[in-house]
Every structure is written in C-alpha cells, then in structure tokens.
Amino acid sequence: MWSLPLLRHTDVPQRVTENFILSGYRFPDYSLLQCLVSAFRPTNETGNFWTHFLPIFLFTFHFVEMFEWEGAPTPGDPFFYPAWTYFIGVFYLLLASSMAHLLNSMSLIIREICFFVDYGTISAYTVGSSLAYYYYIHPQAGIPKIAVWAQNASGLQTESGEEPLSHVSSTSSSSSFSSSVSALLFRAFFENLYIPCSCLIAIVCVITCCNTRQRWRKYRYAVRTLVFLLPFFISSTPVFYRLLSPSPYPVPSSSVSSSSYPSSTMAAFFFRHCFWLVVSAVFNISKIPERLSPGKFDIWGHSHQWFHCCTFLSILDELHMIKVEIRALLLHPSLVLAPVVAPQLPGATACSTYGVMMVLQGCIASVIAGFGWSAYQIYAPQQKLLKEQ
C-alpha cells in the first residue's frame, strides 16, 4: 500500500501520460492517503509538488515583512486590504498547483477537476495582482498629478499637487496638454474599466484553459501559456504607465535616503518579473530538457519543474515590486490622497477588494463545476473499467 509500483507510459491510460516522460507514473486509482505518501517518494509528480508547495512558506516570509516596517498600519488596516487579496491569490495558486500534482492520481475525473481548479487559481491570482496595482501604483501614477509634477520639473509654477487638471492644461504648452489628455483618458479607463476587464479576462482564461483538456490537445501547452498574455498586459497597465511617465515622488532629501526612492527599483523588479515569465513560458512550451533526452528527466529536472521555479521567481519579484510601492506610500503619505477631479478614486474597502475576489471565485467555481460535470460524463465509464481490471 505504501509503495505501489511506478509504471511506464505504456502501462497507464494515455490521458495520464505527458510528452517525453516515459516512467515514474502512478496508476490513476490511488487513495487519498496513498497520494499524500507519494509526496515523499520519487515519482514524476514529486518535484512538481514540492516546487510549488515549499514556495508558499518563502512567499509568506517575504510578505509579512512589510508589517514590521516603521510607520506601517496594522495588518488589518484597510490600507493593506489589496495586499491581502494579492496574498490570497498567490497562496491559492501555489497551494492548488501543488495539490493538483499530488492528488491527480486518485481518478481520471479527480485529475481533471484538480487541474480545472489550478487554472482557476491562476486567473484569481491575476486579479489579485490587478487589485494590488490598482491601489498601490495608481495613486502614484499621477492622475491628475502627473502633469503637475512634469510642469514643476520644467520650471512652471503651480499652486499644489492637488490642482485641477483643467487648470493645468489651460496654462501649459501643447505637449503638456497632450500629456494631460492622456492622463485623463488613462484615469477614465483605470477608474471604470480596469478591474472589470481584469475579472472578465480572468474568466475567459479559465474557460479557455479548461477547454484545452478536451480540445486543442496537440497545442495545449502553448494555448495555456499564451492565453495568459492578455491578463498580464491588462493588469500591468499601471506599471507601463508609471515607467513611461515622470516619477510622482519628490527628489530624495536628507530625511529620505536615496534607497527609498522607488522608480528605478520598481522598474528593475518589473523587468525581472517579465524575464522569469518569459523563461517559464519557454520551458512550458518547449518541453526542454526531456524533449532532448526522453526518459532521462522523468523524475527530476523535467520542464514542468523548471516552469514552476521560474513562475515563482516571477511572483517573488512582483511581490518585491509591490512592496517598493507600499514602502514609498508609507514614506510619502500625501500621495495616497484621491484626485480632486471627479470621479475620485476611493480608498480600499472590504467590498472593493475581498468582495471582488469572492464574486470572481464564485464565477470561476461555476465554470469549474460545468467542466467537472462534463469530465464526469466522459471519464466515469473509463474509470469503472480501470477498477474492474
């Protein structure tokens, strides 16, 4: 019971096999206890489990660090609501992924549901990132303050950072006017469409990824990887805007060390975040190194393990980027003030953070339930035959 024999790809249903992985398979009829025990023996899923289970603790360690900063609010303060929704998204992503790889040998039906849940948590994570960007990057994006800071830098006089955008536009040059219009359009998109778009695209991604388990099987890895490019570009909109705009932070003075000035650091973390995402996509699509030597990387070192490592490194750099922005807000609390030009950006509330995530999870759960029922109808007869053998 404790050490059931591992099988080759020819001894298990084709549905269970992975490209270029020839051995180390668990038979798709394990009990829950047998699945849990298999985490401590070398199978072709052991590395997949640990490369996302152990990072949960590393991510948590780096996350809770910001609560110890001097001047930081209490962890339950509304200021940290977006951070907690981001944490929930990452936590469920890592936990669901590790559990999917550990428990998928219980049955063909459970295998399908495990990975449906895995895709759902990836989408929920993208919305958690969007909420963190919305509340921690958007206030510093200078909407409408960006035009004010730009003019101050060029020697023009303004009364304060709270001056209405219309007044700034009427006294600036044509280039400043164009910048102000762009800021106004960006603000309109950001305040009205950014979060709804993130949620809608997340649901579309779940539906697409779940479909790859029935359709487009030949290109399933490419489809699952590329489909998440869209939520990446949507959620990263405020980051792109910040990188292309003058920094809203004041020049560091003697009272604020230069290490606290966030612009270049945020950019560095974001570019590293993108780098690890690209590398993880290459591993997931190419199936290197096992493609080059089938059977040699069945247990350790195959592409999905490297894919897990690189995706976690990208998440860790994203966390560092968000922490940079949170630290900057704590150092410059005046930047969290909402714009005076209506509609104002409200502060984080339980409804606008946890509420959004709960509604999204409900929608994703409905999608998973639908695909799960379809999987049951397809694989229940096959599973019955496997038990009779």
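Only a predicted model underlies this, so the values are computations on that prediction, with no experimental measurement involved.

**Some remarks on the overall build of the chain**
So, step 1. Helix and strand counts for the chain come out as 14 helices and 0 strands.
So, step 2. Burial analysis of the chain (389 residues in total) assigns 52% to the buried set.
So, step 3. Here the contacts in the chain between residues at least 6 apart in sequence split such that 76% fall between residues at least 24 apart.

**So, the UniProt feature "transmembrane region" (unreviewed entry) in the chain**
So, step 1. When the UniProt feature table is mapped to this numbering, "transmembrane region" (unreviewed entry) covers residues 47-64, 84-103, 115-136, 193-210, 222-244, 264-286, 324-342 and 354-376.
So, step 2. What you have in residues 193-210 is 94% helix and 0% strand, and the ends, taken at the C-alpha atoms, are 26 Å apart.
So, step 3. Between the first and last C-alpha atoms of residues 222-244 the distance is 30 Å; the span itself is 83% helix and 0% strand.

**A short note on the nonpolar core**
So, step 1. Ranked by size, the top nonpolar core spans 81 residues in total, and within it Phe59 and Tyr86 carry the most contacts.
So, step 2. Breaking this core down by element, the ones donating at least two residues are helix 2 (46-64), helix 3 (81-103), helix 4 (108-136), helix 8 (194-211), helix 10 (229-235), helix 12 (263-286), helix 13 (303-331) and helix 14 (351-388).
So, step 3. Of all the elements, helix 4 adds the most residues to this core, at 15 residues.

**Some words on the packing of aromatic side chains**
So, step 1. In total, this model carries 32 aromatic pairs according to the counting rule given.
So, step 2. Measuring from ring centre to ring centre gives 5.3 Å for Phe232 and Phe233, while their planes differ by 70°; the resulting arrangement is edge-to-face.
So, step 3. On the basis of relative accessibility, which here comes to 16%, the residue Phe232 falls in the buried class.
So, step 4. Sitting above the plane of the Tyr221 ring, Arg224 keeps its charged end 5.7 Å from the centroid.
So, step 5. A cation sits over an aromatic face here: Arg327 above Trp69, 4.9 Å from the ring centre.

**A short note on the pattern of salt bridges**
So, step 1. Going through the model one piece at a time under the given rule, you end up with 6 salt bridges.
So, step 2. Glu18 is paired through a salt bridge with Arg111; the nearest N and O atoms lie 3.4 Å apart. Of this pair, Glu18 sits in the segment before helix 1 (32-37) while Arg111 sits in helix 4, and the two are 93 residues apart along the sequence.
So, step 3. The shortest N-O distance in the salt bridge between Glu325 and Arg242 comes to 2.7 Å. Remark: Arg242 occurs in helix 11 (residues 237-243) and Glu325 occurs in helix 13; sequence separation between them is 83 residues. Judged on exposure class, the residue Glu325 and its partner Arg242 are both buried.
So, step 4. Via salt bridges that share partners, Arg15, Glu112 and Arg213 belong to a single interconnected network.

**Observations regarding the side chain of Glu112**
So, step 1. Tracing the chain through its elements places Glu112 in helix 4.
So, step 2. At 3.1 Å, the side chain of Glu112 forms a polar contact with the side chain of Arg213.
So, step 3. In contact with Glu112, other than residues within four places in its own chain, are Arg15, Arg213, Gln214, Ala375 and Tyr379.

**Remarks on the state of the cysteines**
So, step 1. Under the definition given, this model contains 0 disulfides.
So, step 2. This cysteine, Cys35, is not joined by any disulfide, and Cys114 carries the nearest cysteine sulfur, 8.3 Å off.
So, step 3. Of the cysteine sulfurs around Cys209, a residue in no disulfide, the closest is that of Cys205, at 6.3 Å.
So, step 4. With a relative accessible area of 1%, Cys209 lands in the buried category.

**Thoughts on the UniProt feature "binding site: Zn(2+)" (unreviewed entry) in the chain**
So, step 1. Per the UniProt record, "binding site: Zn(2+)" (unreviewed entry) is annotated on His304 and His308.
So, step 2. Within the element layout of this structure, His304 appears in helix 13.
So, step 3. His304 has contacts with Asn48, His101 and Asn284, leaving out every residue within four places of it along the chain.
So, step 4. Position of His308 among the secondary structure elements: in helix 13.
So, step 5. A relative accessible area of 1% places His308 in the buried class.

**Here's the deal with helix 13**
So, step 1. Look at helix 13: 42 Å from first C-alpha to last across 29 residues, which is about the 42 Å you get at 1.5 Å a residue.
So, step 2. Summarising burial for helix 13: 23 of the 29 residues are buried, a large majority.

Calculation rules
- Residues numbered from 1 in each chain as written.
- Predicted model: local features only at pLDDT ≥ 70, side-chain atom pairs only at ≥ 80, totals over all residues.
- Heavy atoms only, no water.
- Helix = DSSP H or I, 4+ residues; strand = E, 2+ residues; numbered from the N terminus.
- Buried < 20%, exposed > 50% of the residue type's maximum accessible area, 1.4 Å probe, protein only.
- Contact = heavy atoms within 4.5 Å.
- UniProt positions renumbered as here; feature names shortened; annotations may be inferred.
- Core = buried A, V, L, I, M, F, W, Y, C linked by side-chain atoms within 4.5 Å.
- Phe/Tyr/Trp six-rings, centres within 6.5 Å; stacked < 30°, edge-to-face > 60°.
- Lys NZ or Arg CZ within 6 Å of the ring centre and 35° of its normal.
- Salt bridge = Lys/Arg side-chain N within 4 Å of Asp/Glu carboxyl O.
- Polar contact = N/O pair within 3.5 Å; in protein donor to acceptor, adjacent residues only side chain to side chain.
- Disulfide = S-S within 2.5 Å.
- Expected span 1.5 Å × (residues − 1).

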